[in-house]
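# A look at the structure
Take a look at the letters that make up each chain.
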Amino acid sequence: MQLTLIRHGEAIPAVHGQDTKRPLSPRGHAQAQQTAEFVASKIQPDLFVVSPLLRAQETLIYLQHKFPQVPVLLCDAIKPEDDAAVAVEWLSKLPYESIVVVCHMNVVAYMEEILLEQYFNAFALAEARIYQQPVIARGLSIPQVAFVPSV
């Protein structure tokens, strides 16, 4: 099974504390485009999982252009402050072979920490990391390739 974790692209700063509706900046759109190109050259996803926050959804749009037939599942357990263990457990129950998750720091790096049983390793903006594993579970993932956009 294959799992791809992606952090959203650069977003504009929060206005009046409104974090959930922060859109991508122009640079964030360019980052998301580059990441989608990379992902499309490496995998064939069966499912997209995305955070309900706008910046993650806007990042996902570029992947959807490459894979318009892939279903999207909105997940409320992968927001920045969410518990990565809960997110990994939730993902482990999905019956798909290739899952792409678009979410946020810090949850994405803590998810990787669980999957690899290694220390926290921050994700760059719009960074994608692809893993192989027999199932989604603690310590069973093997990193395959990573990509950080150049813009």
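This text gives an overview of the structure that appears in the document. Just so you know, these numbers come straight off a predicted model, no measurement behind them. (Residues numbered from 1 in each chain as written. Predicted model: local features only at pLDDT ≥ 70, side-chain atom pairs only at ≥ 80, totals over all residues. Heavy atoms only, no water.)

### Examining the side chain of T4
Topologically, T4 is positioned in strand 1 (residues 2–7). Ignoring any residue separated from it by four or fewer positions in sequence, one finds T4 in contact with I43, I99, V100, V101, R129 and I130. (Helix = DSSP H or I, 4+ residues; strand = E, 2+ residues; numbered from the N terminus. Contact = heavy atoms within 4.5 Å.)

### Here's the deal with the environment of P13
For P13, the position within the fold is in the loop between strand 1 and helix 1 (26–42). Separated by 10 residues in the primary sequence, P13 and P23 have C-alpha atoms spaced 8.8 Å apart.

### Brief notes about helix 3 (residues 84–92)
Here helix 3 has its buried residues at A84, A87, V88 and L91. All buried residues of helix 3 lie within an arc of 95° about the axis, which places them on one face of the element. Buried residues along helix 3 sit in contact with strand 2 (47–50), strand 4 (98–103) and helix 4 (107–116). The opening residue of helix 3 is D83, an N-cap whose side-chain oxygen sits 2.8 Å from the backbone nitrogen of A85. (Buried < 20%, exposed > 50% of the residue type's maximum accessible area, 1.4 Å probe, protein only. Arc of directions from axis to C-beta. Polar contact = N/O pair within 3.5 Å; in protein donor to acceptor, adjacent residues only side chain to side chain.)

### Overview of the environment of H65
Structurally, H65 is set in helix 2 (residues 54–66). Given a relative accessible area of 59%, H65 falls into the exposed group. Considering only alpha carbons, one finds H65 and Q33, 32 residues apart in sequence, at a separation of 9.7 Å.

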